[in-house]
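Below, each chain spelled out in residue letters.
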Amino acid sequence: LIYIFNRFVGRFIAIAMVAFCIGLFQHLAPFQTSFTWYWFIYGYIVWEFGHFLYHYWGHKVRLFWCLHSTHHAPENMNLTVTYAHFFLEAPYADTIRTTVCILLGVKPELLFLIMFIDGTYGAFIHVGENLLKDGRLGFLNKIILTPSHHRVHHARNPLYMDTNFCNLLNIWDKFFGTYQDEDKNIKVEYGITRKMDSGNFLDVYFGEIVALFKDVYKAPGLKNKLLYVIMPPGWDHSGEHKTAKIVRDNYLITHKVKN
Ligand SMILES: [Zn+2]
Ligand SMILES: [Zn+2]
């Protein structure tokens, strides 16, 4: 019952936020797209940019990681992972994605079509090794984001951490340098780096929030308390940071891996 509540209440708030953002920002757009194939491509590229922003901040801002970490808790990959989300994540994600699209002139009808395709493809990239062993999809792996790329995104291996934030078109990962191919020699280990019980509902949904509260409570001074909320997970007021970037950079230096 809690799972159903979590899912439907989150969806409901998200739809309300989408409507709110359209009403608030549509008149500020410098132009409006029409319903044609070339504006569809434009809209999709803009949508992926909004997706990249929400998803990147979901990993790099500790407060937003509290919302997004639920999706990274599962230690196996299968289609049910698509539905593992904290209920406030969809409102957060859709607010950013809708705002970006509407401000850049994407017409609401076009936005809804893109959202539908994005949601459908977003479910497919969580297909597990049991159904699709090689997630590369052949030559498509060079052009679009495949299940293989998203498996890498869900991995806690140092090389794979905080990469592949896009959903279907991975141009923004390539542009911002967060693109990472699956390495045949490095088996994907799913989950997050914090020691947790992935079978415990409370730990999966609230574990990161509790951990953040503890860090804020213990941090000396208001500035440090605030920094814990906005800095990336792993940031430490002592200066001994263990962020994903530091872990990955150290790995790249010691292993001399070329991207
Ligand atoms: Zn993620
Ligand atoms: Zn995912």
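Residues numbered from 1 in each chain as written. Chains lettered and ligands numbered in written order. Predicted model: local features only at pLDDT ≥ 70, side-chain atom pairs only at ≥ 80, totals over all residues. Heavy atoms only, no water.

K.L.:
Can you explain the packing of aromatic side chains? Please cite residues and give values.
P.N.:
In this description, an aromatic ring pair is defined by two values, namely the gap between the centres and the angle between the planes. Taken as a whole, this structure holds 24 aromatic pairs when the rule is applied. Both rings, one in W39 and one in Y42, keep their centres 5.1 Å apart while their planes meet at 85 degrees; by these two values the pair is edge-to-face. Residue W39 and its partner Y42 are both found in helix α2 (residues 37-60); the two are separated by three residues, about one turn of the helix. Accessibility expressed as a relative area gives 24% for W39, which makes it partly exposed. (Phe/Tyr/Trp six-rings, centres within 6.5 Å; stacked < 30°, edge-to-face > 60°. Helix = DSSP H or I, 4+ residues; strand = E, 2+ residues; numbered from the N terminus. Buried < 20%, exposed > 50% of the residue type's maximum accessible area, 1.4 Å probe, protein only.)

K.L.:
Describe the coordination of the zinc ion (ligand 2), naming the residues involved and giving the relevant values.
P.N.:
At the metal site, the zinc ion (ligand 2) is ligated by H71 (NE2), H126 (NE2), H150 (NE2) and H154 (NE2), and these contacts range over 2.0 to 2.1 Å. For the zinc ion (ligand 2), the four donor atoms in the first shell make angles of 92 to 158 degrees at the metal, a pattern classed as irregular. Donor residues for the zinc ion (ligand 2) sit on one chain with the sequence pattern H-x54-H-x23-H-x3-H. Between the zinc ion (ligand 2) and the zinc ion (ligand 1), the interatomic distance is 6.0 Å. Pair noted here: H126 is in the loop between α5 (108-124) and α6 (140-143) and H150 is in helix α7 (residues 147-153), with a separation of 24 residues, a long-range link. When sorted by exposure, H126 lands in the same class as H150, which is buried. (Donors = N, O, S within 2.8 Å, 3.2 Å for Na, K, Ca; no water. Tetrahedral: all angles 85-135°; square planar, octahedral: opposite > 155°, others 65-115°.)

K.L.:
Explain the side chain of H51 to me, and be specific about the residues and the numbers.
P.N.:
Inspection of the secondary structure assignment puts H51 in helix α2. The contact partners of H51, leaving out residues within four places of it in the chain, are R97, D118, F165, C166 and N167. (Contact = heavy atoms within 4.5 Å.)

K.L.:
An account of the coordination of the zinc ion (ligand 1) is requested, with residue identities and associated values reported.
P.N.:
Coordination sphere of the zinc ion (ligand 1), protein contribution only: H55 (NE2), H59 (NE2), H68 (NE2), H72 (NE2) and H153 (NE2), at 2.1 to 2.2 Å. Read N to C, the donor residues that coordinate the zinc ion (ligand 1) are spaced as H-x3-H-x8-H-x3-H-x80-H.

K.L.:
Describe in detail the environment of D183, supporting the description with residues and values.
P.N.:
Here D183 shows up in the loop between α8 (171-176) and α9 (201-218). The exposure class of D183 is partly exposed, given its relative accessible area of 25%. Separated by 29 residues in the primary sequence, D183 and H154 have C-alpha atoms spaced 14 Å apart. Not counting residues within four places of it along the chain, the set of residues in contact with D183 comprises L159 and Y160.

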